[in-house]
Amino acid sequence: MDFEVLPGPPLAELARTAMDRACAAVVIYAGSRSLPVATVPARASRTGQPILLPRHGSALDRRLAVSPARVSVTVPADAPFAALRLIGITRPAERHEAGPAGLGQDPSRAGPAAYPVTVQSLEFTGAIPAPVALPQYEAAAPDPLRHCAAEVLGHLEHCHMAELVSCVRAHGIAAAECAMPRKLDRFGLEFLVFTPSGLAAVRLAFPAGPVTTIEEIPVSIRAVLTCRCGGQAQPQHHRVG
């Protein structure tokens, strides 16, 4: 099934979510071939800008502290993409002291500097790259269920596989043998369904439309997403579909 026809978050929202979840980034400094590729801690600003946190005294830290620099910042992304790559310009930032201020402060104890990146362009990479429009990225927000998605998906896979298969069969794939939950977002759930004829990506939308919190999901579905059954058999009203 073609990913592009599945109802779900637009590319800009997927990009904001990928950047928001990132705790590290692969950084390539465009100004010098002598500066190696670096993997550094990173986080996203409230507006989606990458903020690089290189180790104090590292080659990247020393170079970024001098002047603005053009960099490529790459963070992981969900399938069908491999990663999200952002191109932009850094700016030097003030370094915060790691210890109490005062005379005799050891310079080696200075905390890491934060280097915000002003994004100029971005794209998803993979077998079929997908550019993301910068104005749409700046206007988007990360998915509101991003912080609980991994836990919920793991719970569904390990404790509710039979219910998932029954749900997918009830929604038109009668030959489904296995249904692996792989995405949860404000629009619904997406599964990778195994059938005798191959694989299919299947998305089931929440009945009331996109949600802003997990509490807005209808209780018949939310009961399965949020239960802590530990693998015990569930009552019939806990069906996902």
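Small disclaimer: the values here were computed from a predicted structure and weren't measured. (Residues numbered from 1 in each chain as written. Predicted model: local features only at pLDDT ≥ 70, side-chain atom pairs only at ≥ 80, totals over all residues. Heavy atoms only, no water.)

Q: Please explain the environment of A83 as it appears in this structure.
A: Of note, A83 is situated in strand β5 (residues 83–90). The spatial distance from the C-alpha of A83 to the C-alpha of P129 is 9.6 Å, given a sequence separation of 46 residues. Leave out the neighbours within four places in its chain, and A83 touches T74, V75, P76, A77, E123, F124 and T125. (Helix = DSSP H or I, 4+ residues; strand = E, 2+ residues; numbered from the N terminus. Contact = heavy atoms within 4.5 Å.)

Q: Would you mind showing me how to read the packing of helix α4 (residues 146–159) against helix α5 (residues 161–170) here?
A: To characterise two packed helices, one gives the angle between the axes of the helices and the distance between these axes. Two numbers describe how α4 lies on α5: the axes approach to 5 Å, and their chain directions differ by 90 degrees. Judged on the interaxial angle alone, α5 and α4 are roughly perpendicular. In this structure, α4 uses L156, E157 and C159 to contact α5, whose residues at the interface are M161, E163 and L164. The residue makeup of the contact of α4 with α5, split by class, is 4 nonpolar, no polar and 2 charged. (Axes fitted to C-alpha atoms, helices over the stretch in contact; angles between N-to-C directions. Parallel < 35°, antiparallel > 145°, perpendicular 65-115°, else oblique. Nonpolar A, V, L, I, M, F, W, Y, C, P; charged D, E, K, R; others polar.)

Q: What am I meant to see in α4 here?
A: Residues lying three or four places apart along an α-helix face the same way, a consequence of the helix completing one turn every 3.6 residues. With 14 residues, α4 should reach 20 Å at 1.5 Å per residue; the first-to-last C-alpha distance of 21 Å fits that figure. All buried positions along α4 are accounted for by R146, A149, V152, L153, H155, L156 and C159. Buried residues of α4, seen end-on, are gathered within an arc of 165 degrees and therefore sit on one face of the element. Exposed residues lying more than 90 degrees from the buried face of α4 are H147, A150, E151 and H158. (Expected span 1.5 Å × (residues − 1). Buried < 20%, exposed > 50% of the residue type's maximum accessible area, 1.4 Å probe, protein only. Arc of directions from axis to C-beta.)

Q: Looking at this structure, I do not really get the environment of E151. What am I missing?
A: Tracing the chain through its elements places E151 in helix α4. Residue class for E151 comes out exposed when judged on its relative accessible area of 51%. Taking the C-alpha atoms as reference points, E151 and T226, 75 residues apart in sequence, are found 9.3 Å from one another.

Q: Before we go on, may I ask you to explain the pairing of strand β10 (residues 178–185) in this structure?
A: Consecutive side chains along a regular strand alternate between the two faces of the sheet. Two strands pair when backbone bridges link them, and β10 and strand β11 (residues 188–195) are joined in this way by 7 bridges, in the antiparallel orientation. Residue L184 lies in a different strand from β11, and its bridge partner there is L189. Hairpin geometry of β10 and β11 is characterised by an intervening segment of 2 residues between the two adjacent antiparallel strands. (Pairing = 2+ DSSP bridges.)

Q: Please explain the nonpolar core as it appears in this structure.
A: If you look at the biggest cluster of nonpolar residues, it comprises 34 residues, and the most contacted ones within it are M19, L52, L84, L122, F124 and Y137. The leading source of residues in this core is strand β8 (residues 115–125), at 5 residues. When sequence neighbours within four positions are dropped, the list of residues in contact with L52 reads V27, V40, P41, A42, L64, V73, T90, A113, A114, Y115 and V117. (Core = buried A, V, L, I, M, F, W, Y, C linked by side-chain atoms within 4.5 Å.)

Q: Honestly, unusual backbone geometry in this entry has me stumped. Any pointers?
A: Comment: phi is negative for the bulk of residues other than glycine, and the bulk of peptide bonds are trans. The omega torsion of the bond from A79 to P80 falls at 15 degrees, within 30 degrees of zero and hence cis. Structurally, P80 can be placed in the loop between β4 (70–76) and β5.

Q: I keep staring at the environment of L60 and nothing clicks. Help me out?
A: Within the secondary structure layout, L60 lies in helix α2 (residues 59–64). Residues L60 and V40, 20 residues apart in the sequence, show an inter-C-alpha distance of 9.1 Å.

Q: Would you take a moment to explain the sheet that holds β10 for this structure?
A: Working definition: the strands of a sheet are paired by backbone hydrogen bonds and lie parallel or antiparallel to each other. If you walk across this open sheet you meet the 3 strands as β10-β11-β12, and the pairing is antiparallel. Lying at the two open borders of the sheet, with one neighbouring strand each, are β10 and β12 (198–205). Each neighbouring strand pair of the sheet contributes to a mean axis angle of 20 degrees, computed without reference to strand direction. Strand direction decides the pairing type here: β11 and β12, joined by 8 bridges, are antiparallel. Each residue of the ladder has a partner; that of G188, found in β12, is A205. Taken strand by strand, α4 contacts β10 and β11, and its axis lies near 165 degrees from that of β10.

Q: Please explain a nonpolar patch on the surface as it appears in this structure.
A: A cluster of nonpolar side chains, namely V26, I28 and V37, defines an oily patch on the protein surface of about 230 Å² accessible area. In this structure, V26 sits in strand β1 (residues 24–29). (Patch = residues over 30% accessible without salt bridge, like charges linked within 9 Å, V, L, I, M, F, W, Y side chains within 5 Å. Areas by Shrake-Rupley, 256 points an atom, 1.4 Å probe, with all protein chains shown as cover. Salt bridge = Lys/Arg side-chain N within 4 Å of Asp/Glu carboxyl O.)

Q: Hey, could you run me through the packing of aromatic side chains in this one?
A: For any pair of aromatic rings, the description rests on two quantities: the centre-to-centre distance and the angle between the ring planes. Here the structure, examined in full by the defined rule, presents 1 aromatic pair. Measuring from ring centre to ring centre gives 4.5 Å for F81 and F124, while their planes differ by 20 degrees; the resulting arrangement is stacked. Of this pair, F81 sits in the loop between β4 and β5 while F124 sits in strand β8; the two residues are 43 residues apart in sequence, bridging distant segments of the chain. Using a relative accessible area of 2% as the deciding quantity, one classes F124 as buried. Residue placement shows R16 over the ring face of Y137; its charged tip is 5.7 Å from the ring centre. (Phe/Tyr/Trp six-rings, centres within 6.5 Å; stacked < 30°, edge-to-face > 60°. Lys NZ or Arg CZ within 6 Å of the ring centre and 35° of its normal.)

Keep in mind these values describe shape, not function.
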